[in-house]
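# Coordinate inspection notes
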Amino acid sequence: MSVPPSEAPARPIGVIRVLTSGDPTAVATHGTAIEERYGLPTVSRCIPGQPYGIHDDESEARAEPKIVALARELADAGAQALIISCAADPALQETRRAVGVPVIGAGSAAAAVALGLGRRVGVLGIRDEAPPAVRALLGDRFTASARPHGVHRTTDLLAPEGPEAVLEAAAGLVASGADTLLLACTGLNTIGIRPLLERRLGVPVVDPVLAAGLLASYAYGT
């Protein structure tokens, strides 16, 4: 289970959350998923002042310097690698220049995994367009993108109608020809929607948090 920095094991994977929360369990959600899947120790921290996370260009611009600052803190505290747990990969290059440990963006990690699974990748997120980093990596294997009805921010996924809206949008992508789905919002990991989508739609679904954890497993212990 993810733990506060003062109690963290030596050289954990640092997980940077871009959704501000005062609930340690909520902040640790993505780190916990990585620990359970890959057995990696993690320490999770969130940036301040963004209770709705990153959901448009303005919120992304506000988050970027906070991400870099938090990355420096985690690296200085001994993190062996860092994950920016946001599919937009905010401040990824800036963070890599600022610290001396590997930095993994959840969006580009998900795109890399999706390329290994399918030829026509549908991207499901909370914006009308796929994140630029994801789109660039997918290249001509990008098929289409979709946003669930009524979802404009990460927190909208937590509404009672959120999972059904996600399923409907995902079904539309498969109907348009996608043979693989990429979840372009780490909040979709938070609501645990991946198993339902795979069961209902019969295609691989790439979770960006788990994809980032997979890449972190290569950095851990080196």
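Each chain has its residues counted from 1, running along the sequence as written. The predicted nature of this model means local features are confined to residues of pLDDT at least 70 and side-chain atom pairs, given and counted, to a pLDDT of 80 or more, with totals for whole chains, interfaces and linings taken over all residues. Side-chain numbers here rest on the full set of heavy atoms in the structure, without hydrogens or water.

## A look at the domain arrangement of the protein
- Taken as a whole, the protein is organised into domain 1 (13–105 + 210–219) and domain 2 (108–208).
- Where a domain begins and ends is set by an automatic assignment or by a domain database. Between the C-alpha centres of domain 1 and domain 2 there is a distance of 20 Å.
- Contact between domain 1 and domain 2 buries roughly 1700 Å² in total, counting both sides, with carbon and sulfur atoms accounting for 55%.
- Here, a salt bridge means any side-chain nitrogen of Lys or Arg that lies within 4 Å of a carboxyl oxygen of Asp or Glu. Across the domain 1-domain 2 interface, the total number found is 2 salt bridges.
- Residue Arg-127 pairs with Glu-60 through a salt bridge whose shortest N-O separation is 2.9 Å.
- Pairing of N or O atoms within 3.5 Å defines a polar contact, subject to two protein rules: one partner must be a possible hydrogen donor and the other a possible acceptor, and residues neighboring in sequence count only if both atoms are side-chain atoms. Applying the counting rule to domain 1 against domain 2 returns 12 residue pairs in polar contact (both at pLDDT 80 or more).
- Numbering goes from the N terminus for both helices and strands, where a helix is a DSSP run of H or I of at least four residues and a strand is a run of E of at least two. Elements with a contribution of two residues or more to the side of domain 1 that touches domain 2: α2 (29–38), α3 (57–76), β4 (103–105) and α10 (208–219). A simple way to read buried area is as the amount of 1.4 Å-probe accessible surface that goes missing from two parts once joined, with both sides added.

## Describing the nonpolar core
- What is meant by a nonpolar core is a set of buried Ala, Val, Leu, Ile, Met, Phe, Trp, Tyr and Cys residues, joined one to another through side-chain atoms within 4.5 Å. Relative accessibility under 20% of the residue-type maximum defines a buried residue, over 50% an exposed one, and the middle range a partly exposed one, all with a 1.4 Å probe and only protein chains included. With 29 residues, the main nonpolar core has Ile-83, Val-123, Leu-138 and Leu-182 as its most contacted residues.
- Those elements that place two or more of their residues in this core are β1 (13–17), α2, β3 (81–85), α5 (106–115), β5 (121–125), α6 (132–138), β7 (180–184) and α10.
- Viewed by domain, this core spans two of them, domain 1 (13–105 + 210–219) and domain 2 (108–208), each represented by three or more residues.
- Should any heavy atoms of two residues lie within 4.5 Å, those residues are considered in contact. Other than its neighbours up to four places away in sequence, Leu-138 contacts Ala-111, Ala-114, Leu-115, Val-121, Val-123 and Leu-182.
- In this structure, Ile-16, Ala-75, Ile-84 and Cys-86 belong to the second largest nonpolar core, which totals 22 residues.

## A closer look at the packing of α5 against α10
- Between α5 and α10, whose axes approach to 8 Å, the crossing angle comes to 85°. Looking at the two axes, α5 sits roughly perpendicular to α10. On α10, the residues touching Ala-106, Ala-109, Ala-110 and Val-113 of α5 are Pro-208, Ala-211, Ala-212, Leu-214 and Leu-215.
- Here the residues of the contact of α5 with α10 sort into 9 nonpolar, no polar and no charged. Every angle, taken between N-to-C directions, lies between 0 and 180 degrees, and every axis is a line fitted to C-alpha atoms, over only the stretch in contact when it is a helix. Just so you know how the angles are binned, under 35 degrees is roughly parallel, over 145 roughly antiparallel, 65 to 115 roughly perpendicular, and the rest oblique. Residue type decides the class: Asp, Glu, Lys and Arg count as charged, Ala, Val, Leu, Ile, Met, Phe, Trp, Tyr, Cys and Pro as nonpolar, and the leftover types, Gly among them, as polar.

## Quick look at the pairing of β1
- Among the 5 residues of β1, 5 are classified as buried, and the element is accordingly described as predominantly covered.
- The alternating pattern of β1 places Ile-13, Val-15 and Arg-17 on one face and Gly-14 and Ile-16 on the opposite face, and all of these are buried.
- Between any two strands, pairing holds if DSSP finds at least two bridges. Alignment of β1 against strand β2 (residues 42–46), held across 5 bridges, turns out to be parallel. Residue pairing for β2: Arg-17 is matched across the bridge by Cys-46.
- Relative to β3, β1 is paired through 5 bridges, and the arrangement is parallel.

## A short note on unusual backbone geometry
- The phi dihedral of Asp-89 falls on the positive side, at around 50°, and the residue is not glycine.
- Within the secondary structure layout, Asp-89 lies in the loop between β3 and α4 (92–98).

## Digging into the pairing of β7
- β7 sits mainly inside the fold: 5 of its 5 residues count as buried.
- Bridge count for β5 against β7 is 5 bridges, and the pairing is parallel. The partner of Val-123 across the bridge, within β7, is Leu-182.
- Alignment of β7 against strand β8 (residues 205–206), held across 2 bridges, turns out to be parallel.

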